[in-house]
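# A structural walkthrough
These are the residues of each chain, in order.
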Amino acid sequence: MTNIRTKGRLAKAALEQHLAELEDEPPVTDSPDDALDLDLDAARKEIAWLRKEVADLRGRLAVIRGETQDASSDHGDTHPWLHIGFAIAAAWVLRKLVPRLRLERRLPRTFQ
């Protein structure tokens, strides 16, 4: 009973009845502090587990990074586009030189 009038002729009787009800209620044996302690213990366990998971994931990530760094260092190609440019330039030069070399073979030596 929480809605108690403070003014009026029934206010004193309602207040006394409310106080009597409060006295009749048994005391709470399970304090909120115990429940809070249990919640804190559960939260601490979960945090410890999450920290372990994060440490495991960091370890796995370090292994993966190490594997990828080893793989990239084996190739030694820091600029693969440079190799493509050289290949294109070589093909262009050969395209210009090959017809001239064929022409020189066909011509008699007197015209050189």
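Here's a quick rundown of the structure. (Residues numbered from 1 in each chain as written. Predicted model: local features only at pLDDT ≥ 70, side-chain atom pairs only at ≥ 80, totals over all residues. Heavy atoms only, no water.)

### Comments concerning the overall build of the chain
Counted only if it meets this: To qualify as a helix, a DSSP run of H or I must reach at least 4 residues; to qualify as a strand, a run of E must reach at least 2; elements of each kind are numbered from the N terminus. The classification of residues rests on relative accessible area computed with a 1.4 Å probe and restricted to protein chains. Under 20% of the type maximum is buried, over 50% is exposed, and intermediate values are partly exposed. Working definition of accessibility: Shrake-Rupley area with a 1.4 Å probe, residue cover restricted to the visible protein chains.
The helix and strand inventory of the chain stands at 3 helices and 0 strands. Moving toward the C terminus, one meets the helices and strands of the chain in the order α-α-α. Put simply, the chain has 112 residues, and 3% of those count as buried. Of the roughly 11,200 Å² that the chain leaves accessible, carbon and sulfur atoms contribute 59%.

### Remarks on helix H1 (residues 11–24)
Note the following rule: Given a helix with a known number of residues, its expected span is that number minus one, times 1.5 Å. Read the arc as the range of directions from the helix axis to the C-beta atoms.
Given a rise of 1.5 Å per residue, 14 residues ought to cover 20 Å, and the 20 Å separating the end C-alpha atoms of H1 matches this to within 8%. Along H1, the positions that sit buried rather than exposed are Ala11, Ala14 and His18. Buried residues of H1 fall within an arc of 65 degrees about the axis and therefore sit on the same side. Across H1 from its buried face, at more than 90 degrees, point the exposed residues Lys12, Glu23 and Asp24.

### Overview of the pattern of salt bridges
The test is simple: Salt bridge criterion: a side-chain nitrogen from Lys or Arg within 4 Å of a carboxyl oxygen from Asp or Glu.
Counting across every chain of the model gives 2 salt bridges. Ionic pairing is found between aspartate 41 and arginine 44, a salt bridge with its closest N-O pair at 3.9 Å. Placement of the pair is aspartate 41 and arginine 44 together in helix H2 (residues 32–75), with a separation of 3 residues, close to one helical turn. For aspartate 41, a relative accessible area of 39% translates into the label partly exposed. The shortest N-O distance in the salt bridge between lysine 52 and aspartate 56 comes to 3.2 Å. Of this pair, lysine 52 and aspartate 56 are both found in helix H2, 4 residues apart, which corresponds to roughly one turn of the helix.

### Considerations on a nonpolar patch on the surface
Selection criterion: Patch membership requires over 30% relative accessible area and the absence of a salt bridge. Like charges are linked within 9 Å, and nonpolar side chains (Val, Leu, Ile, Met, Phe, Trp, Tyr) within 5 Å.
Residues Trp92, Val93, Leu97 and Leu101 make up a contiguous nonpolar surface patch of roughly 390 Å² in combined accessible area. Residue position: leucine 97 is located in helix H3 (residues 80–106).

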